[in-house]
Amino acid sequence: MSVDVKTVKRVARLARIAVSEEDAERMTSELNAILGFVEQLNEVDVSGVEPMTSVTPMEMKKRLDVVTDGSKAADIVANAPATEENFFLVPKVVE
Amino acid sequence: MSDLTHLTISQARAKLRAKEITAAEITEAYLQAIERANPALNAYVVVTDDKARYMAKASDAKLAKGEGGSLEGIPLGIKDLFGTEGVHTQACSHVLDGFKPHYESTVTANLWADGAVMLGKLNMDEFAMGSSNETSYYGPVVNPWRRSRLDTVVMPTTHQGDGGFVSAGGTRTARTLDNAQLVPGGSSGGSASAVSAFLCAGATATDTGGSIRQPAAFTGTVGIKPTYGRCSRWGIVAFASSLDQAGPIARDVRDAAILLKSMASVDPKDTTSVDRPVPDYEAAIGKPIKGMKIGIPREYRVDGMPEEIEALWQKGIAWLKDAGAEIVDISLPHTKYALPAYYIVAPAEASSNLARYDGVRYGLRVPGKDIVDMYEKTRAAGFGREVKRRIMIGTYVLSAGYYDAYYLQAQKVRNLIKRDFENAFAAGVDVILTPATPSAAFGIADEDMAADPVKMYLNDIFTVTVNMAGLPGIAVPAGLDAKGLPLGLQLIGRPFDEETLFQTAHVIEQAAGTFQPEKWW
C-alpha cells in the first residue's frame, strides 16, 4: 500500500500537525519508503496466532480504591503556557 | 583531580567508603571535566552544578558517619527523558520548551535514595526516536571515538648529548586520529558519549528498539536493557509504552550491575512493573559459565554485514567456549520481521503517547486562530522531522480501515518473534550471543542515512527483536575494528535472568578487555 499527498494531508490533520505543501510532498515519499519496508509482514503466515496484548504474562495489578494523591492543582498547572486561578487557558471553543 | 574521573563506580565506591576521597572531590573533578569537554562533545544539555555540589556534600556527611547507600557520592548523568524535579526535562524536544516537572521519576528517585549525585541532563534523540543522536533539538552529540589510521613510522637515528642514549632507528606503528566527527549512536547518545569520555561515572538510559545497546556498542561502553517490567516507567517521558525500558550505561560490566540493582524496583505506580524482588546482580559476576548453553542464531548473519563483525562474533564464540560453555546453533525464524513489525508498533504507540503535546498543559504554545489551529501550529513548530514522521506513520496505521492490515498483523508477528525465543530457551539455551550492531559508528550527517530513513532504522536490526519479545539484552565491548573503532557483542537472556547476562558478559569482558578513546577534546 502507498499513500498520496492527499492522504498525507488527511493524516496530518488527524495528527494535528500543520503541514505545508512542500512538507506534505516530502512526507509522502518518506512515508512510502517506510510503508514499502513494512509490507514484507504480509508474507508471514499468522493464521491461528493471537495478537500480542501483554509483553510479560501478568495479571493487571489493582490497588485499593482509596485516594493516594491529589490536592496539587498548583503543581499541575505550573508548567502550562497560560493559566488563570488553577485553570488551563485555551482559545475560545464554544461560540 | 582528573584521575578521579577515571575510577570505575566500584573503585570509587571503595575509596569513598575508605575515606580516601570525598564525594565533593570526585563531583568537582567531573564538573571540571564536563566544562572542558562539553563544548566539543555536546553530551550534556544541562549541567546541574549547584545541585551536584549540594548532593555531594550530603553524601560526604553520611559517609563520614559510616552511613550511606550503595551509590553514596557517585556522580551520574541522567538522560533527558527522565523526569527530574525542578530540573530541565524535555526529551530533547522543542515541544517541551521550559518544562520542569514537579515530580521525580521512580528510577532517578531510587538512585538518589541510594546516594547518587546528579551531574546534569544528557542529550538524546528527540523523544528517543533515532539511532544517531542527530534528531535532538539541542544538536548532535559527538562520539569521543574517532577513526584512526595505522602508520608505520621510521624512527630516525638520534644521538642525545647528556643522557647519552642513541636510538638506532628502525620502525614502529602509530595511530593517527582522523578529524571526522562520528555519531555516538542513539537514542541514548549523550549517555554513551559522557560515560565513554569520563564525564560521569555512569548514566541512565532508555531502550525502545536498541537505544541503550547500540550507543554502548558505538562507544566501547556496557549497556543493559533489562526485561520489560524490571525498571519502573513512571516519570519517564513515554515513547512506545509496550517497548520502553530504562537501564544503565557504564564503563564495565560490574558498574552496570551496580547501577541496575539501584534503578530496578517494584513500583505500584507502574502497572507493568513486575512484582519480584531485585536480585544482587553483582553477585553473579565471576561465577563460572562452565556447562552453560550459548545459542548462536543463524538468522543474525545478515547480507552485507562487514567481515569484521562476523570475525568479532566468532571471537566471542571462542571466548565462551574456552570458558567451558557449550555452543549450539539455533534458529529464530522470524528475526527479519522484527524491524518492520517494530516500525508499525512503535510509531502507533508513539502517535498516541505524543497526542498530549497540545500546547495546553505544558511546553510550547504557538497561537492560532482557533484551538485546532493552535494545536496544529504548536505541534508543527514543536516536533522535529523524525518525530513527525513517526507520528504520521502511527496515525496512518491506526486509522480506520488500516488497523487490521498493519497494527493487528504486526502484533501477531510480534507474538511469533517472542515464540521463537521461547522455543530456544525451552530447548535448554541459557543465553543467546549475537553482534550488537551491523556496523561501527558512522559519520555525523551521513548522506545515505539522511536520504533514506529505513537505512537509519537498520542500525537496530540485532537489538529490536529483544524489545519486541520483552527480553533482557546486554551490549558489551568486544574489540576494535581496523579503523580503531569499538565493536560490541550482545547477549540475550530469559525473562528476568539479568544475572546470567552479567555473568556471561563478564567472561567476554575478561577476554576482550575494556576500551578507552584517545583524548582529543
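What this report covers is the structure whose coordinates are included nearby. (Residues numbered from 1 in each chain as written. Chains lettered and ligands numbered in written order. Predicted model: local features only at pLDDT ≥ 70, side-chain atom pairs only at ≥ 80, totals over all residues. Heavy atoms only, no water.)

## Digging into the interface of chain B and chain A
The parts lose accessible area when they come together, and the size of an interface is often stated as this lost area.
Okay, step 1: Listed as interface residues are 69 residues of chain B and, on the opposing side, 50 residues of chain A.
Okay, step 2: Here chain B packs against chain A, burying approximately 5300 Å² in sum over the two surfaces, 70% of which is carbon and sulfur.
Okay, step 3: Interface area lost by chain B to chain A is led by E376, M392 and Y396 of chain B, which between them contribute 13%.
Okay, step 4: Put simply, chain B and chain A have three salt bridges between them.
Okay, step 5: In this structure, K336 of chain B and E43 of chain A form a salt bridge, with 3.4 Å as the shortest nitrogen-oxygen distance.
Okay, step 6: Summed over the shared surface of chain B and chain A, the number is 16 residue pairs in polar contact (both at pLDDT 80 or more).
Okay, step 7: For the side of chain B that touches chain A, the elements supplying multiple residues, two or more each, are α9 (338–353), α10 (371–382), α11 (385–398), α12 (404–426), α14 (453–457) and α15 (464–469) of chain B.
Okay, step 8: In terms of residue count, the dominant contributor to the side of chain B that touches chain A is α12 of chain B (13 residues).
Okay, step 9: Considering only residue class, the side of chain B that touches chain A consists of 36 nonpolar, 15 polar and 18 charged. (Contact = heavy atoms within 4.5 Å. Buried area = accessible area lost by both parts, 1.4 Å probe. Salt bridge = Lys/Arg side-chain N within 4 Å of Asp/Glu carboxyl O. Polar contact = N/O pair within 3.5 Å; in protein donor to acceptor, adjacent residues only side chain to side chain. Helix = DSSP H or I, 4+ residues; strand = E, 2+ residues; numbered from the N terminus. Nonpolar A, V, L, I, M, F, W, Y, C, P; charged D, E, K, R; others polar.)

## A word on helix α1 (residues 5–14) of chain A
Residues and elements named next belong to chain A.
Okay, step 1: Where α1 is concerned, the buried positions are T7, V8, V11 and A12. With its buried residues spanning 140° around the axis, α1 presents them on a single face.
Okay, step 2: Of the residues one or two after α1, R16 is the one with positive phi, at around 55°. (Buried < 20%, exposed > 50% of the residue type's maximum accessible area, 1.4 Å probe, protein only. Arc of directions from axis to C-beta.)

## Quick word on the packing of helix α2 (residues 23–41) of chain B against helix α3 (residues 49–64) of chain B
Residue and element names in this part refer to chain B.
Okay, step 1: Contact geometry of α2 with α3 gives a least axis separation of 8 Å together with a crossing angle of 160°. Here α2 lies roughly antiparallel to α3, going by the angle between them. Handedness of the crossing formed by α2 with α3: right-handed. Taking contact as the criterion, the partners of A23, A24, T27, E28 and L31 in α2 are, on α3, D49, A52, R53, A56, S59 and D60.
Okay, step 2: Taken together, the residues of the contact of α2 with α3 break down into five nonpolar, two polar and four charged. (Axes fitted to C-alpha atoms, helices over the stretch in contact; angles between N-to-C directions. Parallel < 35°, antiparallel > 145°, perpendicular 65-115°, else oblique. Left-handed = near helix turned anticlockwise from the far one by under 90°.)

## Observations concerning the sheet that holds strand β3 (residues 117–122) of chain B
All names here are of chain B.
Okay, step 1: In spatial order, the strands read β1-β3-β2-β6-β8-β7-β12-β13-β11-β9-β10; together these 11 strands make up an open sheet with mixed pairing. Each edge of the open sheet carries a strand with a single partner, namely β1 (44–47) and β10 (326–330). Each neighbouring strand pair of the sheet contributes to a mean axis angle of 30°, computed without reference to strand direction.
Okay, step 2: Both strand β9 (residues 293–297) and β10 contribute to a ladder of five bridges, which runs parallel. In the strand pairing of β10, I296 is matched with D329.
Okay, step 3: In the packing of helix α5 (residues 189–196) onto the sheet, the strands contacted are β1, β2 (75–79), β3, β6 (202–207) and β8 (245–250), and the crossing angle to β6 comes to about 155°. (Pairing = 2+ DSSP bridges.)

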